[in-house]
Amino acid sequence: MSDTKTDLSGKVAIVTGGARGMGRAFAKALAGAGAAVLVADLREDEGLQTVHAIEAAGGRAAFKTVDVADLASTEAMAAEAADKLGGIDILINNAAMFASLRGGPFADISVERWDRTMAVNVKGPWLCIRAAAPYMRRRGGGAVVNMSSIAALGLAGMLDYSASKAALIGLTKNIALELGDDNIRVNAIAPGGVLTEATEELMGANLAMMEERAKANQLIRHAIQPQDIVGPMLYLVSDAAKFVTGQTMVVDGGRFFLG
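As the structure is a computational prediction, the values presented were derived from the model and not from experiment.

J.: Please set out helix α4 (residues 111-138) residue by residue, giving values where relevant.
T.: Compared with the 40 Å implied by 1.5 Å per residue over 28 residues, the 40 Å span of α4 between its first and last C-alpha is a close match. For α4, the principal kink sits at K123 and spans about 40 degrees; a proline, P125, occurs within the next four residues.

Written as structure tokens, this is what we have:
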């Protein structure tokens, strides 16, 4: 039985990018805490695997294909959560452009790549919150968690990704200002480099070197796993954080204390 502060029984959550990596870990954890979960992603096969894993553990879940950068698609996602699962109480904006990006000088980033990164990583969370907020109001409030990154403070060779994650922190604060009267809390998490399938795809043969470098630059010397971000996420969507909004929680193993 979950602690009463983290018991999400009767709640409905949407997790974008829920097909794999952190999104899958979040979806399974929310379901384990009692929430019904809509797994939203472009990857249908992997998304359905997440749904089946939740159902096999006794939880309730559904899948919806979504392009978070498309208004109609996000509105359909929100309607699906309400129609199939009964409403919306929690939104985890986890979908992001990352794995397909390759490092290099800022002047070499194509306009098309820049636009797509911003569309998914900044416009996407805005559209998803815009779509979900009316349903949260009907239920007396809700909680949004936007997945930013410590890359918001600078990441060499990845200007578009870094800028998008910095913008997401600003978006979090501004929407929190607007939705406070509706009892909708909006916070962000800024993890360090988390070992996911997307990280493996991005780093390729350099993955082991990245793991060792990350551990050397952290006070807590182990590579960050998706499960390490689950606890902060559950806290921010729970009643334990009912007076927490507009904040960005850094979860990086103490990386920036080392200078």
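And the narrative resumes.
J.: Give a description of the pairing of strand β5 (residues 142-147) that names residues and reports values.
T.: Consecutive side chains of a regular strand alternate in pointing toward one face of the sheet and then the other. Among the six residues that make up β5, six are buried, leaving the element largely enclosed by the rest of the structure. Residues G142, V144 and N146 line one face of β5 and the alternating positions A143, V145 and M147 line the opposite face, and both faces are buried. Direction of pairing for strand β4 (residues 90-93) relative to β5: parallel, over a ladder of four bridges. What sits directly across from I92, in β5, is V145. With six bridges joining them, β5 and strand β6 (residues 184-191) adopt parallel strand pairing. Considered in β6, the bridge of G142 is made with I184.

J.: Mind laying out the packing of aromatic side chains, listing which residues take part and the relevant values?
T.: Counted according to the given criterion, the structure contains zero aromatic pairs. Across from the ring centre of Y135, 4.7 Å away, lies the NZ or CZ of R138, which sits over that ring.

J.: Got a sec to walk through the packing of helix α1 (residues 21-32) against helix α2 (residues 44-56)? Specific residues and values, please.
T.: Closest axis-to-axis distance for the α1/α2 pair is 10 Å, and the angle between their directions is 25 degrees. The angle between α1 and α2 falls in the class roughly parallel. In terms of crossing hand, the pair formed by α1 and α2 is right-handed. Contact residues: R24, A27, K28 and A31 in α1; E46, Q49, T50, A53 and I54 in α2. Across the contact of α1 with α2, the residue classes break down as four nonpolar, two polar and three charged.

J.: Lay out the side chain of D41 in plain terms, naming residues and giving numbers.
T.: Its location among the elements puts D41 in strand β2 (residues 36-41). Of the polar contacts made by the side chain of D41, one reaches the backbone nitrogen of R43; its length is 3.0 Å.

J.: Explain the sheet that holds strand β1 (residues 12-16) to me, using residue names and the numbers behind them.
T.: What holds strands together in a sheet is hydrogen bonding between their backbones, with the strands either parallel or antiparallel. The parallel open sheet is built from seven strands, whose spatial order is β3-β2-β1-β4-β5-β6-β7. A single partner strand is all that each edge strand has here, and the edge strands are β3 (61-65) and β7 (248-251). Between one strand and the next, the sheet's axes are offset by a mean angle of 20 degrees, whatever the strand orientation. Sheet strands touched by α4: β1, β4, β5 and β6. Its angle to β4, the strand with the most contacts, is close to 175 degrees. Across the sheet, helix α8 (residues 227-237) is in contact with β4, β5, β6 and β7; its angle to β6 comes to roughly 165 degrees.

Rules used in this analysis
Residues numbered from 1 in each chain as written. Predicted model: local features only at pLDDT ≥ 70, side-chain atom pairs only at ≥ 80, totals over all residues. Heavy atoms only, no water. Helix = DSSP H or I, 4+ residues; strand = E, 2+ residues; numbered from the N terminus. Expected span 1.5 Å × (residues − 1). Bend = angle between axes of the 7 residues up to and from the residue. Buried < 20%, exposed > 50% of the residue type's maximum accessible area, 1.4 Å probe, protein only. Pairing = 2+ DSSP bridges. Phe/Tyr/Trp six-rings, centres within 6.5 Å; stacked < 30°, edge-to-face > 60°. Lys NZ or Arg CZ within 6 Å of the ring centre and 35° of its normal. Axes fitted to C-alpha atoms, helices over the stretch in contact; angles between N-to-C directions. Parallel < 35°, antiparallel > 145°, perpendicular 65-115°, else oblique. Left-handed = near helix turned anticlockwise from the far one by under 90°. Contact = heavy atoms within 4.5 Å. Nonpolar A, V, L, I, M, F, W, Y, C, P; charged D, E, K, R; others polar. Polar contact = N/O pair within 3.5 Å; in protein donor to acceptor, adjacent residues only side chain to side chain.

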